[in-house]
Amino acid sequence: MREGRDEHGERFKATTDELNNTITQRAGDRQDVTIRAPKVALTATTHELKD
Amino acid sequence: MAVTASGLFVANFIDILDGTQLAVDLSLTTNKVALFTNSITPNFSTDTGYGAAPYNANEVTGTGYTAGGAAVASPTITESPTGTLKYDMTDSAWSTSTISNARCALVYADALAGNNGICLVNFGADYSTSAGTFTIQWASGGVFTISLA
């Protein structure tokens with residue numbers, strides 16, 4: 001969790017969860033979300049027969 | 001009903017590769033990213049795309065979010081690493097938004113009549129903004145990869 005003042009001098013509190021996504025609470029009840037999207041990885045499998 | 005995984009749309013990829021020749025073009029900036037709640041239950045074998053079940057309901061709503069989602073930005077499709085097809089784009093964002101309980105992102109071909117689904121990315125939990133920015137930082141290794149060799 002990080003907290004402090006942003007570039008505009010406004011207080012913020014940023015919490016990164018176990019999924020590595022971050023919720024940032026800011027002044028005036030503003031809330032931002034940053035999703036660290038997982039990569040969708042697929043593998044094509046081929047099998048070579050050995051004589 | 002729930003989102004439990006990310007994945008690609010098998011039926012659409014079959015139609016891309018067989019005689020149907022579904023014209024999905026990953027290089028288009030008309031492809032879109034739409035957000036859905038955890039009330040949908042994806043089926044990657046049978047789902048087709050935006051506007052068809054389960055993607056005909058439970059899309060997020062709210063200030064700063066337009067139904068249908070946002071256009072992708074700077075999409076690329078490359079070989080990276082060797083033998084691997086990689087689809088990538090720059091981060092997606094909805095600024096000054098109040099979005100509730102977004103659980104996943106559907107990337108789809110908005111230019112096609114079927115709004116055919118390309119991939120679904122599961123966030124793993126519900127996320128909400130309040131007059132703030134909802135940002136999806138796509139993985140550094142790409143939105144999706146298919147290792148072919």
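This is a predicted model, so every value here is computed, not measured.

1. Let's talk about the interface of chain A and chain B
With 20 residues of chain A at the interface, the matching set in chain B holds 30 residues. Where chain A meets chain B, there are zero salt bridges. For the pair chain A and chain B, the interface holds 16 residue pairs in polar contact (both at pLDDT 80 or more). The set of elements that each furnish at least two residues to the side of chain A that touches chain B consists of strand 4 (30–36) and strand 5 (40–43) of chain A. Ranked by the residues each element gives to the side of chain A that touches chain B, the list is headed by strand 4 of chain A, at seven residues. Residue composition of the side of chain A that touches chain B, grouped by class: 10 nonpolar, four polar and six charged. Summarising the sheet, strand 5 of chain A and strand 10 (residues 144–147) of chain B pair through four bridges and their orientation is parallel.

2. Structural notes on the environment of R103(B)
Residue and element names in this part refer to chain B. Inspection of the secondary structure assignment puts R103 in strand 7 (residues 102–108). A relative accessible area of 13% means that R103 is categorised as buried. The contact partners of R103, leaving out residues within four places of it in the chain, are V3, F36, T37, N38, V121, N122, F123, G124, A125 and D126. Side chain to side chain, R103 and D126 meet in a polar contact 2.8 Å long.

3. A closer look at the pattern of salt bridges
All names here are of chain A. By the definition in use, this model includes five salt bridges over all chains. A salt bridge links R26 to D32; its shortest N-O distance comes to 2.7 Å. Note that R30 is salt-bridged to D32, the shortest N-O span being 2.8 Å. Judged by relative accessible area, D32 falls into the buried class, the value being 7%. Shared partners join several salt bridges into a network, and the residues in it are D6, R26, R30 and D32.

4. Concerning the pairing of strand 4 of chain A
Bridge count for strand 3 (residues 22–26) of chain A against strand 4 of chain A is five bridges, and the pairing is antiparallel. Within strand 4 of chain A, the position partnered with Q25(A) by the bridge is Q31(A). The pairing of strand 4 of chain A with strand 9 (residues 132–137) of chain B spans four bridges and is parallel. Considered in strand 9 of chain B, the bridge of R36(A) is made with Q137(B).

5. A short note on the sheet that holds strand 9 of chain B
Reading across the sheet, the six strands line up as 1(A)-2(A)-3(A)-4(A)-9(B)-6(B) and stay open at both edges, with mixed pairing between neighbours. Edge positions in the sheet fall to strand 1 (2–5) of chain A together with strand 6 (92–97) of chain B, since each of these pairs with one other strand and no more. For this sheet, the mean inter-axis angle between neighbouring strands, taken without regard to orientation, is 10°.

6. Some details on unusual backbone geometry
Residue and element names in this part refer to chain B. The omega torsion of the bond from A53 to P54 falls at 0°, within 30 degrees of zero and hence cis. Position of P54 among the secondary structure elements: in the loop between strand 2 (32–36) and strand 3 (70–71). Of note, the amide linkage connecting S80 to P81 takes the cis form, showing an omega dihedral of -5°. With respect to the element layout, P81 can be found in the loop between strand 4 (76–79) and strand 5 (84–88).

7. Considering the sheet that holds strand 10 of chain B
Judged by pairing direction, the sheet is mixed, and its four strands sit side by side in the order 5(A)-10(B)-5(B)-4(B) without closing on themselves. In the strand order of this sheet, the two ends are held by strand 5 of chain A together with strand 4 of chain B, each with one partner. This sheet shows a mean twist of 15° between the axes of neighbouring strands, independent of strand direction.

8. Focus on the packing of aromatic side chains
Inspection of the entire model under this criterion finds 10 aromatic pairs over all chains. Pairwise contacts between aromatic rings join F9(B), F36(B), F44(B), Y50(B), Y55(B) and Y108(B) into one cluster.

Reading the values: rules and limits
- Residues numbered from 1 in each chain as written.
- Chains lettered and ligands numbered in written order.
- Predicted model: local features only at pLDDT ≥ 70, side-chain atom pairs only at ≥ 80, totals over all residues.
- Heavy atoms only, no water.
- Contact = heavy atoms within 4.5 Å.
- Salt bridge = Lys/Arg side-chain N within 4 Å of Asp/Glu carboxyl O.
- Polar contact = N/O pair within 3.5 Å; in protein donor to acceptor, adjacent residues only side chain to side chain.
- Helix = DSSP H or I, 4+ residues; strand = E, 2+ residues; numbered from the N terminus.
- Nonpolar A, V, L, I, M, F, W, Y, C, P; charged D, E, K, R; others polar.
- Pairing = 2+ DSSP bridges.
- Buried < 20%, exposed > 50% of the residue type's maximum accessible area, 1.4 Å probe, protein only.
- Axes fitted to C-alpha atoms, helices over the stretch in contact; angles between N-to-C directions.
- Phe/Tyr/Trp six-rings, centres within 6.5 Å; stacked < 30°, edge-to-face > 60°.

In short, geometric facts, not functional conclusions.
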